[in-house]
Amino acid sequence: MLIKQASDILSSEITAESVYLRRRQLLKAAGVATLGAILSPPLKASEAVPGASGKLLPGVTRSPFSTDQQPNSWADVTGYNNYYEFGTGKADPARRARDFAPLPWTVKVGGECDKPGTYAYEDLVSRHRLEERIYRLRCVEAWSMIIPWVGIPLASIIERLQPNSDARFVNFRTLYDPDRMPGQRRRTLNWPYEEGLTMAEAMHPLTLIAVGLYGRELPNQNGAPMRLVVPWKYGFKSIKAIAEINFTRTQPRSSWQQATPSEYGFYANVNPEVPHPRWSQARERPIGAGLFAGKKPTLMFNGYGEQVASLYAGMDLRKNY
Ligand code: MTE
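First, a word on scope: everything that follows refers to the structure included in this document.

Reading the values: the criteria
Within every chain, residues take consecutive numbers counted from 1 along the sequence as written. Only residues with pLDDT of at least 70 get local features here, since the model is predicted, and only at 80 or more are side-chain atom pairs given and counted; chain-wide, interface and lining totals rely on the full set of residues. Just so you know, side-chain values use all the structure's heavy atoms and leave hydrogens and water out. Secondary structure elements follow DSSP: runs of H or I no shorter than four residues count as helices, runs of E no shorter than two count as strands, and numbering proceeds from the N terminus. Accessibility here uses a 1.4 Å probe with only protein chains present; expressed as a share of the type maximum, an area under 20% marks a residue as buried, one over 50% as exposed, and anything in between as partly exposed. Two N or O atoms form a polar contact when they lie within 3.5 Å of each other; inside protein one atom must be a possible hydrogen donor and the other a possible acceptor, and for residues adjacent in sequence the pair counts only when both atoms belong to side chains. Working rule for contacts: check all heavy atoms of both residues, and any pair within 4.5 Å makes them a contact. Think of it this way: DSSP has to see at least two bridges between two strands before they count as a pair. Working definition of a nonpolar core: buried Ala, Val, Leu, Ile, Met, Phe, Trp, Tyr and Cys residues. They are joined through side-chain atoms within 4.5 Å.

Details of the side chain of asparagine 72
Alright, step 1. Its location among the elements puts asparagine 72 in the loop between strand S1 (61–62) and helix H4 (74–79).
Alright, step 2. Residue asparagine 72 is classed as buried on the basis of its relative accessible area of 8%.
Alright, step 3. There is a polar contact of 2.9 Å between the side chain of asparagine 72 and the side chain of aspartate 76.
Alright, step 4. If we skip the residues at most four places from it in the chain, asparagine 72 touches Val77, Met145, Ile146, Tyr214, Ile287 and Gly288.

A look at the pairing of strand S12 (residues 283–286)
Alright, step 1. For strand S5 (residues 143–153) and S12, the ladder comprises 2 bridges, and the chain directions are parallel. The residue of S12 that forms the bridge with serine 144 is proline 286.
Alright, step 2. The sheet contact formed by S12 and strand S13 (residues 296–297) spans 2 bridges and is antiparallel. What sits directly across from arginine 283, in S13, is proline 297.

Some details on the environment of phenylalanine 169
Alright, step 1. Along the chain, the position of phenylalanine 169 falls in strand S6 (residues 169–174).
Alright, step 2. On the basis of relative accessibility, which here comes to 6%, the residue phenylalanine 169 falls in the buried class.
Alright, step 3. Separated by 79 residues in sequence, phenylalanine 169 and threonine 248 have C-alpha atoms that sit 5.2 Å apart.

Focus: the nonpolar core
Alright, step 1. Counting 80 residues, the largest nonpolar core has Trp105, Trp149, Phe172, Leu228 and Phe247 as the members making the most contacts within it.
Alright, step 2. When residues in this core are grouped by element, the largest group, 6 residues, is from S5.
Alright, step 3. If we skip the residues at most four places from it in the chain, phenylalanine 247 touches Val109, Gly110, Gly111, Glu112, Cys113, Ile158, Leu161, Pro163, Ala167, Phe169, Val170 and Met199.

As for unusual backbone geometry
Alright, step 1. In this chain, tryptophan 191 is followed by proline 192 through a cis amide linkage whose omega measures -5°.
Alright, step 2. Cis geometry marks the peptide bond from alanine 224 to proline 225, where omega comes out at 0°.
Alright, step 3. Looking at the element boundaries, proline 225 is found in the loop between strand S9 (216–217) and strand S10 (227–229).
Alright, step 4. The phi torsion at alanine 142 lies on the positive side, around 80°, for a residue other than glycine.

Written as structure tokens, this is what we have:
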């Protein structure tokens, strides 16, 4: 069966537009991500996706935070990746991460929180309802995709870890294991890959911990078993294979900031008006759109401005790039 048009899902399966808009207003006012999951019908396992592999995840519900744009194909999402732990070519991760065994997996939690410790992946994830979130992904390299993630709001996990009043940022680290991640044998980056968010960004209802794709377990090349997805920021913020979470008082320095501070900042919000020092960010190349489709304009905050612009009120986005 073909993938359903997201627009079909919204009109025929969710509800009339007026109700949908009211629900959106409600969600916005409440600022509660999981409410969307409660109001939306579950995904059907029968929605097979051409080429897809991996175990189907049970009990996935739709989210009104999803875009109604048509998602990229399974082949695009799992065949064109950035994952330097498995090589720097776009096709490297699919090939070189094939034998990576993500489970068993643990996440070490520390810093300014009341519940530090080493958590099993299942313990962190299984107690939460899984949601499908179809998000736009805009890479800093000026290509883009539409990706149907399955995951949990990061806020739900953080609430359980109980950050204290000194926690101002969250720092994430990928697994460091050059035997399992062969790209780490070369110093392409300062390993392990590191990323960070402010607490407000981390608690925002759009910020997701993804554990799946197209209703199935997350493929290795997309960051199995769990990765971050922050749809209004350049893709490099969305760190894969998270093995460590630390709550900090000071702003973490992410891997790309460490590598090239003049080119990559902490915030990395998608912004068509602030060019990368070596290329414009005004337009993007949608992957899978065909050879003659051309580029399309990039939207401020990747089109999520209505939900996130208030996080940056009064901030100079040229300085805080
Ligand atoms: N996370 C780790 N650990 N290593 C990486 O090289 N690349 C980032 C991000 N997360 C990267 C990472 C970049 S540059 C992008 S654009 C996205 O992952 C790509 O995610 P995708 O391959 O699932 O589309």
